[in-house]
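The lines below spell out each chain.
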Amino acid sequence: METVDKASNFAHEAVDKIASASNQAADALEEKGQQLKNAEQRLMKNCQVYIRDNPVTSLGIAVAAGFVLSRLLSSR
């Protein structure tokens, strides 16, 4: 009976360690996701400010990017 108790305790400890590790991983992923969301919001704000301050340049960049994309996609 003692061997069964030892095996049971070992199994419980292993499950607890795995649960703890998975919780830590989930917390880290949640934190990284929030950091990515914040970075995206900053980037969008910077783009909006640039476009508002430089509308002609922004239009030129958009036209050039569209031209390059159309050439790349039409060559296939």
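Residues numbered from 1 in each chain as written. Predicted model: local features only at pLDDT ≥ 70, side-chain atom pairs only at ≥ 80, totals over all residues. Heavy atoms only, no water.

Student: What is the right way to read the packing of helix α1 (residues 2-53) against helix α2 (residues 55-74) from this model?
Tutor: Two quantities define a packed helix pair, namely the angle between the axes and the distance from one axis to the other. The contact between α1 and α2 brings their axes to 5 Å, and the two run at 110°. Regarding the angle of α1 to α2, the classification is roughly perpendicular. Here α1 contributes Tyr50, Ile51, Arg52 and Asp53 to the contact with α2, which in turn contributes Pro55, Thr57, Ser58 and Ile61. Here the contact of α1 with α2 is built from residues that sort into four nonpolar, two polar and two charged. (Axes fitted to C-alpha atoms, helices over the stretch in contact; angles between N-to-C directions. Helix = DSSP H or I, 4+ residues; strand = E, 2+ residues; numbered from the N terminus. Parallel < 35°, antiparallel > 145°, perpendicular 65-115°, else oblique. Contact = heavy atoms within 4.5 Å. Nonpolar A, V, L, I, M, F, W, Y, C, P; charged D, E, K, R; others polar.)

Student: Can you help me understand the pattern of salt bridges in this one?
Tutor: Opposite charge on two side chains permits pairing when their charged atoms draw close. Inspection of every chain in the model, using the stated rule, returns one salt bridge. Put simply, Lys6 and Glu2 hold a salt bridge, and the shortest N to O gap is 3.6 Å. Taken together, the positions of Lys6 and Glu2, both in helix α1 and four residues apart, correspond to about one turn of that helix. For Lys6, a relative accessible area of 55% puts it in the exposed group. Overall, Glu2 belongs to the exposed group, its relative accessible area being 56%. (Salt bridge = Lys/Arg side-chain N within 4 Å of Asp/Glu carboxyl O. Buried < 20%, exposed > 50% of the residue type's maximum accessible area, 1.4 Å probe, protein only.)

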